[in-house]
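Residues per chain, in single letters:
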Amino acid sequence: MKSDFTQRLFTEQEQDLLFEIIQSRRDVRGNRFLSKEIEEDTVHKIITAGLHGPSVGFSQPWEFVIIKNKETKLKIKTSFETENTKGVNQFKEEKQEKYTNLKLEGIEEAPLNIAVFYKPKDTPVLGQTSMPNMGRYSVVCAIQNMWLMARSLNIGMGWVSILDPEKVKSILNAPKENELIGYLCFGYTDLFYNKPELEMKKWDKRKPLNEVIIEEKY
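Residues numbered from 1 in each chain as written. Predicted model: local features only at pLDDT ≥ 70, side-chain atom pairs only at ≥ 80, totals over all residues. Heavy atoms only, no water.

(A) Summary view of empty space enclosed by the protein. The full count for this structure, using the stated rule, is two cavities of 30 Å³ or more. Reported here for the largest cavity is a volume of approximately 80 Å³. If you trace the largest cavity, you find it lined by R26, D27, V28, R29, R32, L191, F192, Y193, P196 and E197. Class assignment for the residues of the lining of the largest cavity results in five nonpolar, no polar and five charged. Surrounding the second largest cavity, R26, V28, W147, A150, R151, I155, G156, M157 and F192 form its lining. Those elements that provide at least two residues to the lining of the second largest cavity are α5 (134-152) and β3 (155-160). Of the residues that constitute the lining of the second largest cavity, the class distribution is six nonpolar, one polar and two charged. (1 Å grid on protein atoms, 1.4 Å probe; cavity = no way out; pocket = protein on both sides within 12 Å on 5 of 7 lines; lining within 4 Å. Points joined across faces, edges and corners; volume = space filled by probe spheres on them. Nonpolar A, V, L, I, M, F, W, Y, C, P; charged D, E, K, R; others polar. Helix = DSSP H or I, 4+ residues; strand = E, 2+ residues; numbered from the N terminus.)

Here it is as structure tokens:
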């Protein structure tokens, strides 16, 4: 019988593979998704990876809405288009031109959308007293697990943040207390770029280690 205290140690080869998956994770847009459906057991594997994310006080404050219906996707896409117009106007000149040429979502093209919600508890949560946002951060950790699991399965994921969260809640009939953390698009893809698309298109540069590491104090 396997003990709860049996530890699993990983080989250097396994460590290198995990690092390669992390480095190969991409934000996939609609112009790359294929129409091929994702098998149900594969969807469950992706969500199960999310369930194994760390959560403050083992609160597991997440809920997942699986969306395949075309009419629902169209309503979400309409919210994106409204918010995207606001996004364009935040940038000037060259950045604005680049923005308008970017494909920033794949809501209709992706065969699977998943809306991930933070469901707060109505009782105290261990570890969340001083930092109330820890529950939301826990949901983000679950999403990252899903992203990496999907990439390891050669499935693309795109996180759509240009949305009105209250509008999405209304469309999905979400409970009042729930908070939208991530709207995710999943699908097989015809291509995973070797670098992040925004890096390739010179939207910004990757920060080197020496720019972000501070020894001891600021």
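(B) Representation of the side chain of S79 in the model. Note on placement: S79 falls in helix α3 (residues 70-88). From its side chain, S79 meets the backbone nitrogen of D164 in a polar contact 3.3 Å long. Those residues in contact with S79 that lie beyond four places of it in its chain are I162, L163, D164 and K167. (Polar contact = N/O pair within 3.5 Å; in protein donor to acceptor, adjacent residues only side chain to side chain. Contact = heavy atoms within 4.5 Å.)

Structural measurements only, silent on function.
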